[in-house]
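Chain and residue survey
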Amino acid sequence: ALHRPNVRSFALLDADVETDPFRKTQEKTKQLSLFDEYKDKITSYLHAVRDAGQFHTYERLFSWWHIFHIPLVFMMVFSAIYHVYAVHAY
């Protein structure tokens, strides 16, 4: 059969944690460690959200860049063809 601890043993363990200053320090250190870990995770998540938002902005700007620069490419190709024609015509 499995050994099941009784309620009194848990009460003694809780009392031991409350009265032992070293255990209190350990618990506080563990809490601070968890706090720092969670703070780092939340900060990392918020940075990822911010970066995703900025990426969307740059993605939109890049799409506008294509819209404005495609006509310029055609004008440059036309200018190059005309330039070659003009140089060889004279």
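No experiment lies behind these values; they were computed from the predicted model shown.

What to know about the overall build of the protein
- Helix and strand counts for the protein stand at two helices and zero strands.
- Evaluated residue by residue, the protein yields a buried proportion of 0% over its 90 residues.
- As displayed, the protein offers around 8900 Å² of accessible surface, 68% of which is attributable to carbon and sulfur atoms.

Concerning the pattern of salt bridges
- Evaluated as defined, the whole model comprises two salt bridges.
- Its salt-bridge partner being Lys41, residue Glu37 comes within 3.4 Å of it at the nearest N-O pair. Of this pair, Glu37 and Lys41 both sit in helix H2 (residues 21–89), four residues apart, which is roughly one turn of the helix.
- With relative accessibility at 35%, the residue Glu37 sits in the partly exposed group.
- The residue Asp51 makes a salt bridge to Arg50 at a minimum N-O spacing of 3.4 Å.

Brief notes about a nonpolar patch on the surface
- On the surface, a nonpolar cluster with roughly 620 Å² of combined accessible area is contributed by Leu34, Tyr38, Ile42, Tyr45, Leu46 and Val49.
- With respect to the helices and strands, the residue Leu46 is situated in helix H2.

Concerning the packing of aromatic side chains
- With the rule as written, the count across this model stands at four aromatic pairs.
- Plain terms: the ring middles of Phe62 and Trp65 are 5.6 Å apart, the flat faces sit at 5° to each other, and that makes the pair stacked. Of this pair, Phe62 and Trp65 both sit in helix H2, separated by three residues, roughly a single helical turn.
- Take Trp65: its relative accessible area is 43%, and that puts it in the partly exposed class.
- Aromatic side chains Phe78 and Tyr82 sit 6.5 Å apart centroid to centroid with 20° between the ring planes, which places their arrangement in the stacked category. Taken together, the positions of Phe78 and Tyr82, both in helix H2 and four residues apart, correspond to about one turn of that helix.
- Phe78 sits in the exposed class, given a relative accessible area of 59%.
- Among the aromatic residues, those joined into a cluster by ring pairs are Phe78, Tyr82 and Tyr85.

What counts and how
- Residues numbered from 1 in each chain as written.
- Predicted model: local features only at pLDDT ≥ 70, side-chain atom pairs only at ≥ 80, totals over all residues.
- Heavy atoms only, no water.
- Helix = DSSP H or I, 4+ residues; strand = E, 2+ residues; numbered from the N terminus.
- Buried < 20%, exposed > 50% of the residue type's maximum accessible area, 1.4 Å probe, protein only.
- Areas by Shrake-Rupley, 256 points an atom, 1.4 Å probe, with all protein chains shown as cover.
- Salt bridge = Lys/Arg side-chain N within 4 Å of Asp/Glu carboxyl O.
- Patch = residues over 30% accessible without salt bridge, like charges linked within 9 Å, V, L, I, M, F, W, Y side chains within 5 Å.
- Phe/Tyr/Trp six-rings, centres within 6.5 Å; stacked < 30°, edge-to-face > 60°.

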